[in-house]
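Tertiary structure, described
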Amino acid sequence: MFISKLFFPVLRDVSADAKLKSHQLMLKSGMIRQSTAGIYSWLPLGLKILKKITKIVCEEQDKIGAQEMLMPTIQSADIWKESGRYNDYGEEMLRIKDRQGRELLYGPTNEELITEIFRDNVKSYKSLPLILYHVQWKFRDEIRPRFGVMRCREFLMKDAYSFDLTKEDAIKSYNKMFLAYLRTFHRLELKALPLKASSGPIGGDSSHEFIILTDSGESQVYLDKALLDINIEKYDDSETSINAMVADYSKFYSATDEKYSKDEFESKVKKSDQVVTKGIEVGHIFYFGDKYSKPLKANILGKDGKNINSQMGSYGIGVSRLVAAVIEAKYNNNIMKWPLAIAPFEVAIIPLNNKSDPKSLDKGKKIYNELKANGIDVILDDTEESPASKFKNFELIGVPFQIIIGSKSVDDQFEFKELNGITENLSVSEIIIKIKKLKG
Ligand code: P5A
């Protein structure tokens, strides 16, 4: 991409309603624009990051054997009446009538729809275990949408659903997802903590929220400091390792506001290890047994030939919320610090004097092609703006690395600068090796 072609409408004056830094920076850099309260358009820069995050989320789902599919945003009210949630869900659900007067709704979640698909298509225990997922827009008519895409009305969620024969197997699926979630957030360079949580309108008796600790978060959390030291890289995919991981996390106290008990917290965690802070909920997983399979009659033939309701769980990640959460967790000096894996561009090539030295732009284009050929996501500054304004643009976008072509470039050596970090003099091939290594 050449920057002169990139549609990124910079907003000089961000509305005072944008209280969170992530909201301000996303508006300012032209990542998003509000369409109406709590509903946003994703402009090219924002969408690029959203897609990179989605890809990582999907890769980790695929790795545990979950299969991707796509369900619609609009659902029939009938299945929600069958599950009993049509009335329970209240005003958060956007209800629609079509021209025939049929009751429809914009899905706030998909437990009913996936259970219907399962009921109509899976008949025997032989098809289990089964985990299906999709990445789809959801609508919740939040009473107070705020903080940009952090708490909005239309948002992108990855939601997965597991089907098992027994409770024991369902807990295995739950634990596998637990690890997949920790790995997903780890790849986004976020420290997400699984906290025992209440299950709310989704239901069930076992649930964990995944929370990123930041002062700007909406959730109040209570935990043992030791949880922060658990290194998830030490767990592999074997059942023993997954069980060890769950046991390690269960050893230490952690709870969200709703589950918090002062007595339990103070008796279990010594004063110096007590952490009381705020966080952003980026994921939430649930085990709810037959809460949906029973009323929707999603029976399968068990091993003994008898019909049995499958044991289910559901697992959500707020993909669009994650974009804002990464900014909140990592921004520095008003600059978005994107992990390389999701940066809108990995490197910016900045010829400083395109006007007085047209050869520098040719050099820039040559490097651009070399980087592209090596699979590096690169943006070239082909404008005649002042060096100061060029640097400002790339800071605003948050490109993690810059190759500067200027008076300090000698022969094939260029300044290679980390955003807000150190500068080295490197050749193009050294730069390529370095970036490839950083990408892993
Ligand atoms: C799990 C998957 C569910 O809906 N059903 C399917 C279950 N869980 S949840 O906790 O209600 O939502 C999952 C994640 O979605 C994000 N999220 C939101 N993001 C932006 N704006 C909102 N209004 C919003 N509501 C939920 C959160 O990250 C949440 O963990």
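The residue numbering used here restarts from 1 in each chain and proceeds along that chain's sequence as written. For this predicted model, a pLDDT threshold of at least 70 governs which residues receive local features, and a threshold of 80 or more governs which side-chain atom pairs are given and counted, while totals over whole chains, interfaces and linings are taken from all residues. The side-chain figures draw on all heavy atoms in the structure; neither hydrogens nor water molecules are used.

To continue, consider the overall build of the chain. In this text, helices come from DSSP runs of H or I with a minimum length of four residues, and strands from runs of E with a minimum of two, each type numbered from the N-terminal end. What the chain contains, in helices and strands, is twelve helices and 21 strands. Dimensions of the chain, computed from the C-alpha atoms along their principal axes, are close to 80 × 60 × 45 Å. By definition in these notes, contact holds between two residues if any of their heavy atoms fall within 4.5 Å. In the chain, of all internal contacts separated by at least 6 residues, the share reaching a separation of at least 24 is 71%. Surface accessibility of the chain: about 20,300 Å² in total, with carbon and sulfur atoms responsible for 49%. His is not counted here, nor are the chain ends, while Lys and Arg score as positive and Asp and Glu score as negative. Charge placement uses NZ in Lys and CZ in Arg. For Asp and Glu, CG and CD serve respectively. A distance of 1 Å separates the average location of the 65 positive side-chain charges in the chain from that of its 62 negative side-chain charges. Here the accessible surface of atoms and residues is derived via Shrake-Rupley with a 1.4 Å probe, and residues count as covered only by protein chains that are part of the display.

Before going further, it helps to examine the packing of helix α2 (residues 44–63) against helix α6 (residues 167–187). For helices, the axis comes from a line fit to the C-alpha atoms of the stretch in contact; other axes are also lines fit to C-alpha atoms, and the angle between any two N-to-C directions lies between 0 and 180 degrees. Remark: α2 packs on α6, axes separated minimally by 9 Å, with the N-to-C direction vectors making an angle of 150°. By the criterion of interaxial angle, the relationship of α2 to α6 is roughly antiparallel. Regarding α2 and α6, the two cross each other, and that crossing is right-handed. Counting all contacts with α2, which are made through I56, V57, E59, E60, Q61 and K63, the residues of α6 involved are M177, A180, Y181, R183, T184 and R187. Oblique is the label for any angle not under 35 degrees, not over 145, and not in the 65 to 115 range, which are roughly parallel, roughly antiparallel and roughly perpendicular in turn. In a left-handed crossing the near helix is turned counterclockwise from the far helix by less than a right angle, and in a right-handed crossing that turn is clockwise.

The next point concerns the sheet that holds strand β21 (residues 423–427). Only strands that DSSP links by at least two bridges are regarded as paired with each other. Reading across the sheet, the five strands line up as β18-β17-β19-β20-β21 and stay open at both edges, with mixed pairing between neighbours. Single-partner strands in this sheet number two, and they are β18 (378–380) and β21. Ignoring strand direction, the axes of neighbouring strands in this sheet form an average angle of 25°. Pairing of strand β19 (residues 401–405) with strand β20 (residues 413–418), which is carried by four bridges, proceeds in the antiparallel orientation. Bridged to F401 within β20 is E418. Where helix α11 (residues 387–397) meets the sheet, its contacts fall on β17 (347–351), β18 and β19, and the angle it forms with β17 comes to roughly 175°.

Moving on: the environment of F252. With respect to the helices and strands, F252 occurs in the loop between α7 (239–250) and β12 (254–256). Among the residues examined, F252 registers a relative accessible area of 23% and is labelled partly exposed. The cut-offs for exposure are 20% and 50% of the maximum accessible area for each residue type, with area from a 1.4 Å probe on protein chains only; residues under the lower value are buried, those over the upper are exposed, and the others partly exposed.

Residue P129 follows L128 across a cis peptide bond; omega there is 0°. By secondary structure assignment, the location of P129 is in the loop between α5 (111–121) and β7 (130–139). A positive phi angle, close to 70°, is found at N334, a residue other than glycine. Note on placement: N334 falls in the loop between α9 (319–330) and β17. Backbone geometry places N420, a non-glycine residue, at a positive phi of 60°. For N420, the position within the fold is in the loop between β20 and β21.

The next thing to look at is the site of the ligand. Around the ligand, the surrounding shell holds 23 residues, and the nearest of these are T109, E111, R140, C152 and E281. Here a polar contact is recorded for every N or O atom pair within 3.5 Å, except that within protein the pair must consist of a potential hydrogen donor and a potential acceptor, and residues adjacent in sequence are included only if both atoms are side-chain atoms. Here a nitrogen atom of the ligand sits 3.5 Å away from a polar atom, N or O, in the main chain of M150. Between the ligand and the protein, one listed contact pairs an oxygen atom with a backbone N or O atom of V282 at 3.4 Å. Within the complex, the protein chains bury 95% of what would otherwise be the 590 Å² of accessible surface of the ligand. Of all the secondary structure elements, the ones that give two or more residues to the shell around the ligand are β8 (154–164), β13 (274–289) and β16 (311–318). Top element by residues in the shell around the ligand is β13. It accounts for five residues. All residues other than Ala, Val, Leu, Ile, Met, Phe, Trp, Tyr, Cys, Pro, Asp, Glu, Lys and Arg, Gly among them, are scored as polar; the first ten of these are nonpolar and the last four charged. Its residues placed into classes, the shell around the ligand shows ten nonpolar, six polar and seven charged. One heavy atom within 4 Å of a molecule or strand makes the whole residue count as near it.

The topology assignment puts G316 in strand β16. Note on G316: relative accessible area 14%, which makes it buried. Linking G316 and I39, residues 277 residues apart in sequence, is a C-alpha distance of 20 Å. If we ignore the near neighbours within four places in the chain, the residues touching G316 are M157, K158, D159, Y181, V282, G283 and H284.

To continue, consider α9. Any helix carries an expected span of 1.5 Å times its number of residues minus one. Compared with an ideal rise of 1.5 Å per residue, which puts twelve residues at 16 Å, α9 spans 17 Å between its outermost C-alpha atoms and is within 8% of the ideal. In terms of residue burial, α9 counts as a mostly covered element, since ten of its twelve residues are buried. Restricting attention to buried positions, one finds in α9 the residues V319, S320, R321, L322, V323, A324, A325, V326, I327 and E328.

Turning to the sheet that holds strand β5 (residues 94–97), a few remarks are in order. Spatially, β4-β6-β5 is the arrangement adopted by the three strands of the open sheet, whose pairing is antiparallel. Looking along the sheet, the strands with just one partner apiece sit at the ends: β4 (74–76) and β5. This sheet shows a mean twist of 35° between the axes of neighbouring strands, independent of strand direction. Two strands pair when backbone bridges link them, and β4 and strand β6 (residues 103–106) are joined in this way by three bridges, in the antiparallel orientation. In the sheet register, I74 faces β6, and the bridge partner there is Y106.

Attention now moves to the pattern of salt bridges. Here a salt bridge means any side-chain nitrogen of Lys or Arg lying within 4 Å of a carboxyl oxygen belonging to Asp or Glu. Counted by the stated rule, this structure contains 29 salt bridges. For D98, the salt bridge identified is with R102, shortest N-O distance 3.0 Å. A relative accessible area of 21% places D98 in the partly exposed class. Each member of the salt-bridge network shares a partner with another, and the members are K55, E59, E60, K63 and R187.

Throughout, a disulfide means two cysteine sulfur atoms within 2.5 Å of one another. Under the criterion given, the structure shown has zero disulfides. In this model C58 remains outside any disulfide bridge; the closest cysteine sulfur is found in C152, 18 Å from its own. The class for C58 is buried, based on a relative accessible area of 10%.

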